[in-house]
Amino acid sequence: MLGISMLGVFAGMGLVAILLTVVVGVLVSALLLSLAYRMVVGHMPSFARALATVVVSWLASGVVGLILHGGMGHLLSFVAQFLVGALIINLLLPGQDGSQVGYGKSCLVQLVYMVIFFVLALVLALLFGGMMLGLMHH
């Protein structure tokens, strides 16, 4: 009986860790999106708008990925997710005057956002990978 309750505790800890990872991921993604938007458009959107944009973009990209994953291939799915993300940026993040910034600029924001995200992920992977190798070596 104790084993079953301990299993529940560990499963609960796993769910808390997953939830914490998702929350931190959304917050960091919103910050990176705000930075990319500032670099391309010239002003920083509100953090709440960037946060909502990231959440809606992730949900829409997930749906697109599920729809196109069947037989279309990963590259087409990636391109479609990129274009949907740019569309959502265009719809949810207005320019300084309140109008849409245009789909072209939104694509550029999406591209800069993805480059920043992938570079950060690579740096973190190398950093933590090197730490893990260092720990395993000793």
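Going along each chain's sequence as written, the residues are numbered from 1 onward. A pLDDT threshold of at least 70 governs which residues receive local features in this predicted model, and a stricter bar of 80 or more applies before side-chain atom pairs are shown or counted, although totals over entire chains, interfaces and linings include all residues. Remark: hydrogens and water are excluded; side-chain values derive from all non-hydrogen atoms of the structure.

## Here's the deal with the overall build of the protein
Working step 1: Scanning the protein for helices and strands turns up four helices and zero strands.
Working step 2: In this description a helix means any DSSP run of H or I spanning at least four residues, a strand means any run of E spanning at least two, and both kinds are numbered starting from the N terminus. Listing each helix as α and each strand as β along the protein from the N terminus yields α-α-α-α.
Working step 3: Working definition: with a 1.4 Å probe on protein chains only, accessible area under 20% of the residue-type maximum means buried, over 50% means exposed, and in between means partly exposed. Within the protein, the proportion of its 138 residues that are buried is 28%.
Working step 4: In what follows, residue pairs with any heavy atoms lying within 4.5 Å of each other are defined as contacts. Taking all contacts inside the protein whose residues are at least 6 apart in sequence as the whole, residues at least 24 apart take part in 62%.

## Describing helix α2 (residues 47-68)
Working step 1: Multiplying 1.5 Å by the residue count of a helix minus one yields the expected span of that helix. In this model, α2 (22 residues) spans 31 Å end to end at C-alpha, consistent with the 32 Å of a helix rising 1.5 Å per residue.
Working step 2: Residues of α2 that are buried include every one of A50, T53, V54, S57, S61, V64, G65 and L68, and no others. When α2 is viewed along its axis, its buried side chains cluster within an angular range of 105 degrees and face the same direction. For α2, the exposed residues lying more than 90 degrees away from the buried face are A48, L59, L66 and I67. Note: the arc covers the axis-to-C-beta directions of the helix.

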